[in-house]
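Given next are the chains, with one letter for each unit.
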Amino acid sequence: QVQLVESGGGLVQAGGSLRLACAATGLTFRDYTMAWFRQAPGKYREIVAAISGNGGDTYYTFPLKRRFTISRDNAKNAMYLQMNSLAPEDTAVYYCAADLANAIVAIQEPGYDYWGKGIQVTVSS
């Protein structure tokens, strides 16, 4: 049974940083492209960033690339999202997702096979 569990969320002041982690079990982690999505209140879920199975390729939603960094550790079956210079508009539930593909081929929800339950990130002004 595949499980993706997010951690590291919480409340932070504007300008601060958080590091999210996603722990994966029940799958051959290196075979999966991994991604972070987020959903703000009243908005659609959107992709934040994705990383290929071997970590050699990344994708970012353009405005976030300067502040967020996605990474993974295949030895630990874990993925991370370092978020810097956080702003109130970054407030959302952040989700970890997995796509059975070595390369990044999906940047929208339907392309991902497994999802975590999400974790709240709140940025106060």
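The residue count restarts for each chain, going from 1 along the sequence in the order it is written. With pLDDT at 70 or above as the cut-off, local features in this predicted model cover only qualifying residues; side-chain atom pairs require 80 or more to be listed or tallied, and sums for whole chains, interfaces and linings still use all residues. Excluding hydrogens and water, the side-chain figures rest on all heavy atoms present in the structure.

1. Section: the pairing of strand β1 (residues 3–7)
Using a 1.4 Å probe on the protein chains alone, a residue whose accessible area is under 20% of its type maximum counts as buried, one over 50% counts as exposed, and one in between counts as partly exposed. The helix and strand labels rest on DSSP assignments: H or I over at least four residues marks a helix, E over at least two residues marks a strand, and numbering proceeds from the N terminus. By the alternation rule, side chains of β1 split into Leu4 and Glu6, which are all buried, and Gln3, Val5 and Ser7, of which none is buried. What makes two strands pair is DSSP finding at least two bridges between them. Bridge count for β1 against strand β3 (residues 18–25) is five bridges, and the pairing is antiparallel. Each bridged residue has a counterpart across the sheet, and for Glu6 the counterpart in β3 is Cys22.

2. Overview of the pattern of salt bridges
A pair is scored as a salt bridge if a Lys or Arg side-chain nitrogen falls within 4 Å of a carboxyl oxygen belonging to Asp or Glu. Enumeration over the complete set of coordinates arrives at four salt bridges. Here Arg38 and Asp90 are joined by a salt bridge, their closest N and O atoms 2.9 Å apart. With Arg38 in strand β4 (residues 33–39) and Asp90 in the loop between β8 (78–83) and β9 (92–99), the pair connects residues that are 52 residues apart, well separated along the chain. For the pair shown, Arg38 and Asp90 are each scored as buried. Where Asp90 meets Arg67, a salt bridge forms, and the shortest distance between an N and an O atom there is 2.7 Å. Linking Asp90 in the loop between β8 and β9 with Arg67 in the loop between β6 (58–60) and β7 (68–73), this pair joins segments that are 23 residues apart in sequence.

3. Notes on the state of the cysteines
We call a pair of cysteine sulfur atoms a disulfide whenever their separation is within 2.5 Å. The full count for this structure, using the stated rule, is one disulfide. Each disulfide pairs two cysteine sulfurs, and for Cys22 the partner residue is Cys96, the sulfurs being separated by 1.9 Å. In this structure the cystine formed by Cys22 and Cys96 twists about its S-S bond by roughly -65°; its chirality is therefore left-handed. A residue pair is termed long-range when its members are at least 10 positions apart, and Cys22 in strand β3 and Cys96 in strand β9 qualify at 74 residues. Accessibility expressed as a relative area gives 1% for Cys22, which makes it buried. With relative accessibility at 0%, the residue Cys96 sits in the buried group.

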